[in-house]
Amino acid sequence: MKLELDQWYKPNIDKKILKELTKRSDWQGIKHISVWMLILAFSGYIAFVTWGSWWTILWFLIYGNIYTFCNPIWHECGHKTAFKSRWLNEVFYQIGSFMYNFEPIRWRWSHFHHHSYTLHTQEVYDHEIQVTKPTDLLFVFLLHLPGGNLLLIHKGFLSFHFETIKHALGITTEVMRDCIPENERGKCRLISRIHVLIWIFIAGISVYYQSWLPALYFLLPFCYGTTLRNMFDFIQHAGLANNVKDHRLCVRTATLNPIFSFLYWHMEYHIEHHMFPMVPSYNLKKLHDVVKDQMPKAKKGLWGSYKEIIPAIIRQSKDPDYVLQVNLPKI
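Residues numbered from 1 in each chain as written. Predicted model: local features only at pLDDT ≥ 70, side-chain atom pairs only at ≥ 80, totals over all residues. Heavy atoms only, no water.

1. Observations concerning the overall build of the protein
Part 1 of the reasoning: Counting secondary structure elements, the protein contains 19 helices and two strands.
Part 2 of the reasoning: On C-alpha atoms alone, the protein measures out to a radius of gyration of 20 Å, which is about the 20 Å that the 2.2 N^0.38 rule sets for 331 residues.
Part 3 of the reasoning: Overall, the protein is about 65 × 40 × 40 Å in size when its C-alpha atoms are taken along their principal axes.
Part 4 of the reasoning: Burial statistics for the protein: of 331 residues in total, 55% are counted as buried.
Part 5 of the reasoning: The long-range share in the protein, meaning contacts at least 24 apart out of those at least 6 apart in sequence, stands at 70%.
Part 6 of the reasoning: For the protein, the accessible surface area stands at approximately 16,500 Å², while carbon and sulfur atoms represent 65% of it.
Part 7 of the reasoning: For the protein, the separation between the mean place of its 35 positive charges and that of its 26 negative charges on side chains is 4 Å. (Helix = DSSP H or I, 4+ residues; strand = E, 2+ residues; numbered from the N terminus. Rg over C-alpha atoms; globule rule 2.2 N^0.38 Å. Buried < 20%, exposed > 50% of the residue type's maximum accessible area, 1.4 Å probe, protein only. Contact = heavy atoms within 4.5 Å. Areas by Shrake-Rupley, 256 points an atom, 1.4 Å probe, with all protein chains shown as cover. Lys, Arg positive; Asp, Glu negative; His and termini not counted. Charge placed at Lys NZ, Arg CZ, Asp CG, Glu CD.)

2. Looking at the nonpolar core
Part 1 of the reasoning: Counting 64 residues, the largest nonpolar core has Trp36, Phe60, Phe234 and Leu287 as its most contacted members.
Part 2 of the reasoning: Discounting chain neighbours no more than four positions away, the residues touching Trp36 are Ile66, Tyr67, Phe69, Cys70, Ile73, Met99, Phe262 and Leu263.
Part 3 of the reasoning: Counting seven residues, the second largest nonpolar core, distinct from the first, contains Ile105, Val175, Cys179 and Ile191. (Core = buried A, V, L, I, M, F, W, Y, C linked by side-chain atoms within 4.5 Å.)

3. What to know about the confidence of the model for the protein
Part 1 of the reasoning: Overall, the prediction assigns the protein a mean pLDDT of 92, with 95% of residues at 70 or greater.
Part 2 of the reasoning: Mean pLDDT in the protein bottoms out at helix 1 (residues 2-5), which sits at 53, and peaks at helix 3 (residues 26-49), which reaches 98. (pLDDT = per-residue confidence, 0-100.)

4. Thoughts on a nonpolar patch on the surface
Part 1 of the reasoning: A cluster of nonpolar side chains, Phe162, Ile165, Leu169 and Ile171, forms an exposed patch at the surface whose accessible area comes to about 370 Å².
Part 2 of the reasoning: Within the secondary structure, Ile171 is located in the loop between helix 9 (157-168) and helix 10 (174-179).
Part 3 of the reasoning: On the basis of relative accessible area, Ile171 is assigned to the partly exposed category, the value being 40%. (Patch = residues over 30% accessible without salt bridge, like charges linked within 9 Å, V, L, I, M, F, W, Y side chains within 5 Å. Salt bridge = Lys/Arg side-chain N within 4 Å of Asp/Glu carboxyl O.)

5. Here we look at the pattern of salt bridges
Part 1 of the reasoning: Taken as a whole and assessed by the stated rule, the structure comprises nine salt bridges.
Part 2 of the reasoning: Between Arg108 and Glu90 there is a salt bridge, with its nearest N and O atoms 3.2 Å apart. Here the residue Arg108 occupies a position in helix 7 (residues 104-116), and Glu90 occupies one in helix 6 (residues 86-99), the gap between them amounting to 18 residues.
Part 3 of the reasoning: A relative accessible area of 15% means that Arg108 is categorised as buried.
Part 4 of the reasoning: The residue Arg252 makes a salt bridge to Glu308 at a minimum N-O spacing of 2.9 Å. Of this pair, Arg252 sits in the loop between helix 15 (247-250) and strand 1 (254-255) while Glu308 sits in helix 19 (residues 301-318), placing them 56 residues apart in sequence.
Part 5 of the reasoning: Here the salt bridges do not stand alone but share partners, grouping Arg252, Lys299 and Glu308 into one network.

Written out as structure tokens, the structure is:
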């Protein structure tokens, strides 16, 4: 991956500053995950005590949207930057992967691929490519609705479940051929089988006790709780260019309020993350401040991003070759 990233544009930054910014901390990771787990537990408890009333719908929506922010745990631990200790990164990588319905071996290697070939659609394909040229506006709309994933079997979260089932059955998928080394494919199939067995176990508990609660808490958040996560993910690349070697042209940085930034593990500084993936998330704002004079101006919040994205994707639905023009600073 390093060889591929060396071919991308890099801003000028003092090596001593960069070295300082890449320092990792167990305390930062423990603090972040502990606060997130407390918020998740609180929202889950209120959803439970309001069960049987209309209020439970609101609280499960809150719980589900907080639950799916296990994705940044998977992501940060996958980069081994959430903690200084390797074992803590690995433990929470496995936990975050299962919670987000990601098979960890597949996604570790495909994510390396994503950083090496960000938004590439030719020759080496980026299997984590976002909806950068969404010609299907209905798909984009459903992506932002609670339960919309249930209508997006071939593109949404259900497609990841089907992929895991295929791996569990020993089927070699395209992403496995392109991204996973042969000596790692056995691990991928084994963990896929473990995930499927746990899904069956949780579903069985729900059936045995004739209660939706186990499934609602552990299996279905990907159905009803992905709205906020999808909005954050969507702004990363939507409307921008494919097949370029400059992250400033294919990745978007935005600023978010402190609550959203906490939930997102500061990944709104996404250009900076792609340029320097070994900088921990809690140092991305500092990195942004150091290199911002060499970057496009950050968008202000979700609304600032969507004001640019919505007209772009409407135009792309009619002209798939259209891409947003990014104003790069003159240095």
